[in-house]
Amino acid sequence: MKWTKFYLPDAYSPSMEQLVYFHDHTMSIITSITILICILLNSLLWNKLIDLNMNEHQMIETWWTILPTIVLFLIAIPSLKILYSMEELINPTISIKSMGHQWYWSYEYSDKFCKELESYMKYNKKNDFRLLEVDNKMKAPFLTQIRMIFSSSDVLHSWTIPCLGIKMDAVPGRINQSSLMIKKPGIFMGQCSEICGTNHSFMPIMLESIKLNKFIKWIS
């Protein structure tokens, strides 16, 4: 991401790729409708309105009822497919539990080796990302199906990383889950996107994607 970028962030997960494709698909439909409406408005402004046969035209009324329904189906069907695919869990290899606290995140790896860590925002240094750098990064292997489990110990939080297409609320007393599959190695950043209190803007998320063998060495 760059400061001058107006488009969506680059996709690093299948879910985000599908969301980008759906955005392009929907924008092409909206652009086509906007151009059509502008053409019709232009013709209406310059029309003399003397064609009496246009007063009763049942076929036009039928089509301008059917066409919007077809357009809504073209938008709704891929939207529902993406929604259900994001909620689907397909044989996860690793489960990671993320707990929201005031005002930091904690992560728990408890599949085979029990490992816990707390992630606080770091104070600004010369080479750090401002308001995004943390002392303990969450680590996860890429090209591996991961199950993310979310909850909170106090108030509502929301675990969000835009370029991975994942956003899930952390609700106290409740467990939410979501699937995650990272396609490339790297460091991915996000922030709590729920207005959870005074220090809401100081709850950054930093995920480091590494190879599976390095992840096994790190967790063991």
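Look up: the structure comes first, before these words.
Residues numbered from 1 in each chain as written. Predicted model: local features only at pLDDT ≥ 70, side-chain atom pairs only at ≥ 80, totals over all residues. Heavy atoms only, no water.

K.L.:
Outline the sheet that holds strand 2 (residues 104-109), listing residues and values.
P.N.:
Here we have 5 strands laid out as an open sheet, ordered 3-2-1-5-8, and mixed in their pairing. Each edge of the open sheet is held by one strand with a lone partner, namely strand 3 (115-119) and strand 8 (176-180). Direction aside, neighbouring strands of the sheet carry axes that sit 20° apart on average. Relative to strand 8, strand 5 (residues 146-152) is paired through 5 bridges, and the arrangement is antiparallel. Bridge pairing in strand 8 links Met148 to Ser178. (Pairing = 2+ DSSP bridges. Helix = DSSP H or I, 4+ residues; strand = E, 2+ residues; numbered from the N terminus. Axes fitted to C-alpha atoms, helices over the stretch in contact; angles between N-to-C directions.)

K.L.:
Now, about a nonpolar patch on the surface: what can you tell me, with residues and values included?
P.N.:
Nonpolar side chains collect at one region of the surface, where Ile33, Leu36, Ile37, Leu40, Leu41 and Leu44 lie side by side and expose about 540 Å² of accessible area between them. By secondary structure assignment, the location of Leu41 is in helix 1 (residues 14-46). Residue class for Leu41 comes out partly exposed when judged on its relative accessible area of 47%. (Patch = residues over 30% accessible without salt bridge, like charges linked within 9 Å, V, L, I, M, F, W, Y side chains within 5 Å. Areas by Shrake-Rupley, 256 points an atom, 1.4 Å probe, with all protein chains shown as cover. Salt bridge = Lys/Arg side-chain N within 4 Å of Asp/Glu carboxyl O. Buried < 20%, exposed > 50% of the residue type's maximum accessible area, 1.4 Å probe, protein only.)

K.L.:
Describe in detail the packing of aromatic side chains, supporting the description with residues and values.
P.N.:
This model, assessed by the stated rule, comprises 6 aromatic pairs. Seen in terms of ring centroids, Tyr104 and Tyr120 are 4.4 Å apart; in terms of plane orientation they differ by 20°. Their pairing is stacked. Taken together, the residues Tyr104 in strand 2 and Tyr120 in the loop between strand 3 and strand 4 (138-141) connect sequence positions 16 residues apart. The class for Tyr104 is buried, based on a relative accessible area of 15%. Tyr120 gets classed as partly exposed once you look at its relative accessible area, which sits at 35%. Pairing Tyr109 with Phe215 gives two aromatic rings, centres 5.9 Å apart and planes at 55°, and the pair type is tilted. Of this pair, Tyr109 sits in strand 2 while Phe215 sits in helix 3 (residues 212-219), and the two are 106 residues apart along the sequence. (Phe/Tyr/Trp six-rings, centres within 6.5 Å; stacked < 30°, edge-to-face > 60°.)

K.L.:
Tell me what's going on with the nonpolar core, and back it up with residues and numbers.
P.N.:
Residues Met148, Trp159, Ile161, Leu164 and Leu207 are the most contacted members of the largest nonpolar core, which totals 30 residues. Among the elements of the structure, strand 1 (94-101), strand 2, strand 4, strand 5, strand 6 (157-161), strand 7 (166-170), strand 10 (204-210) and helix 3 are those that each provide at least two residues to this core. (Core = buried A, V, L, I, M, F, W, Y, C linked by side-chain atoms within 4.5 Å.)

K.L.:
Can you break down helix 1 residue by residue, with the values?
P.N.:
For helix 1, built from 33 residues, the straight-helix expectation of 48 Å at 1.5 Å per residue is met to within 8% by its first-to-last C-alpha distance of 49 Å. Buried residues belonging to helix 1 abut helix 2 (58-87). (Expected span 1.5 Å × (residues − 1). Contact = heavy atoms within 4.5 Å.)

K.L.:
Which residues make up the side chain of Ser179, and what values do they have?
P.N.:
Among the structural elements, Ser179 can be located in strand 8. Among the polar contacts made by the side chain of Ser179, one reaches the main-chain carbonyl oxygen of Glu88 at a distance of 3.2 Å. Excluding its chain neighbours within four sequence positions, the residues that come into contact with Ser179 are Ser85, Met86, Glu88, Leu89, Gln145, Ile146 and Ile166. (Polar contact = N/O pair within 3.5 Å; in protein donor to acceptor, adjacent residues only side chain to side chain.)

K.L.:
Help me get a handle on the pattern of salt bridges, residues and values and all.
P.N.:
The full count for this structure, using the stated rule, is 2 salt bridges. For Lys183, the salt bridge goes to Glu17, with nearest N and O atoms at 3.0 Å. Of this pair, Lys183 sits in the loop between strand 8 and strand 9 (186-191) while Glu17 sits in helix 1, placing them 166 residues apart in sequence. With its nearest N and O atoms 2.6 Å apart, the salt bridge here joins Glu208 to Lys139. Taken together, the residues span a long stretch of sequence, with Glu208 in strand 10 and Lys139 in strand 4 at a distance of 69 residues. Using a relative accessible area of 17% as the deciding quantity, one classes Lys139 as buried.

Coordinates in, geometry out; function isn't part of it.
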